[in-house]
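# Observations on the model geometry
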Amino acid sequence: MDRIVRFFDRYTSKKMGFEVIPVLPRSKIPFWKGWNEEEYDRERVRRYLASHPDCNIGIRLGRIMDVEADDPKANKLLESLIPADYPHPTYKSQKSVHHLFLG
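What this report covers is the structure whose coordinates are included nearby. Keep in mind that what you see is a predicted model, and the values were worked out from it rather than measured. Per chain, the residues get numbers from 1 upward, laid out in the order the sequence is written. Residues qualify for local features only when their pLDDT is at least 70, as the model is predicted, and side-chain atom pairs are given and counted only at 80 or more; totals for whole chains, interfaces and linings, by contrast, use all residues. Note: side-chain values were computed over all heavy atoms of the structure, leaving out hydrogens and water.

### With respect to the sheet that holds strand β4 (residues 90–92)
So the rule is basically this: Being paired, for any two strands, means DSSP has found at least two bridges between them. Only runs of H or I of at least four residues qualify as helices and only runs of E of at least two qualify as strands under DSSP, and these elements are numbered from the N terminus. For helices, the fitted line uses only the C-alpha atoms of the stretch in contact; every axis is such a line through C-alpha atoms, and the angle between N-to-C directions lies from 0 to 180 degrees.
One open sheet holds the three strands; their spatial order is β3-β5-β4, and the pairing between them is antiparallel. In this open sheet, the two strands that pair with only one neighbour each are β3 (64–68) and β4. Ignoring which end each strand starts from, the neighbouring axes of this sheet average 25 degrees apart. Of the pairings in the sheet, the one linking β3 to strand β5 (residues 97–102) comprises five bridges and is antiparallel in character. If you follow Glu68 over to β5, its bridge partner there is His98.

Set out below in structure tokens:
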């Protein structure tokens, strides 16, 4: 079984329960338009991942949007666009700070 399908099975298991979507190789762009609007079809996604083992995966967050910048200059710009008193959760990844918002 391909590595990507093993990750898919783990992330979509009853224990974790995430809705995984296929993402273009070496990117963060979902394969399908409307990926966040249509009803989730676990088996369709699993079949797609099995036939495209080079793709990445993403996780549908529902109404939550995760906004990040990929370098220090972009992070600085992003920080300048968000009011200092705007309450929202953040977390730091290896590259940058992620800002979470409700959509």
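### A look at the nonpolar core
Stated formally: Among buried residues, those of type Ala, Val, Leu, Ile, Met, Phe, Trp, Tyr and Cys that are joined through side-chain atoms within 4.5 Å constitute a nonpolar core. Burial classes follow relative accessibility: with a 1.4 Å probe on protein chains only, a residue under 20% of its type's maximum area counts as buried, one over 50% as exposed, and anything between as partly exposed.
The biggest cluster of nonpolar side chains holds 12 residues, and these are Ile4, Val5, Phe8, Val20, Ile21, Val23, Trp32, Tyr40, Val45, Tyr48, Leu49 and Cys55. Looking at this core, the elements that each hand over two or more residues are α1 (3–11), β1 (19–23) and α2 (42–51).

### Section: the side chain of Asn75
Going by this rule: The contact criterion used throughout is that any non-hydrogen atoms of two residues lie within 4.5 Å.
Here Asn75 lies in helix α3 (residues 72–81). Residue Asn75 is classed as buried on the basis of its relative accessible area, which comes to 13%. Those residues within four positions of Asn75 in sequence are excluded, and the remaining contacts are Ala69, Lys95, Ser96 and Val97.

### With respect to the side chain of His99
Stated precisely, the cut-off is as follows: Nitrogen and oxygen atoms within 3.5 Å of one another constitute a polar contact, given that in protein one can donate a hydrogen and the other can accept it, and given that sequence-neighbouring residues count only through two side-chain atoms.
Inspection of the secondary structure assignment puts His99 in strand β5. Side chain to side chain, His99 and Glu79 meet in a polar contact 3.3 Å long. Within the structure, His99 has its side chain in polar contact with the side chain of His88 (distance 2.8 Å). Apart from residues lying up to four places away in sequence, His99 is in contact with Met65, Asp66, Val67, Leu78, Glu79, Ile82, His88, Pro89 and Thr90.

### Comments concerning unusual backbone geometry
Although it is not a glycine, Arg26 sits at a positive phi angle of roughly 55 degrees. One can find Arg26 in the loop between β1 and α2. The exposure class assigned to Arg26 is exposed, which follows from its relative accessible area of 78%.

### Quick word on the packing of α1 against α2
Which entries qualify depends on this criterion: Put simply, angles under 35 degrees are roughly parallel, angles over 145 are roughly antiparallel, angles from 65 to 115 are roughly perpendicular, and the rest are oblique. Here a crossing is called left-handed whenever its near helix is offset anticlockwise from the far helix by less than a right angle, and right-handed whenever the offset is clockwise. Three residue categories are used. Nonpolar comprises Ala, Val, Leu, Ile, Met, Phe, Trp, Tyr, Cys and Pro, charged comprises Asp, Glu, Lys and Arg, and polar comprises the others, including Gly.
At a minimum axis distance of 8 Å, the contact between α1 and α2 shows a crossing angle of 160 degrees. Accordingly, the angle class assigned to the pair α1 and α2 is roughly antiparallel. You can see that α1 and α2 cross each other, and the crossing is right-handed. Contact residues: Ile4, Val5, Phe8 and Asp9 in α1; Arg42, Val45, Arg46, Leu49 and Ala50 in α2. The residue inventory of the contact of α1 with α2, partitioned by class, reads six nonpolar, no polar and three charged.

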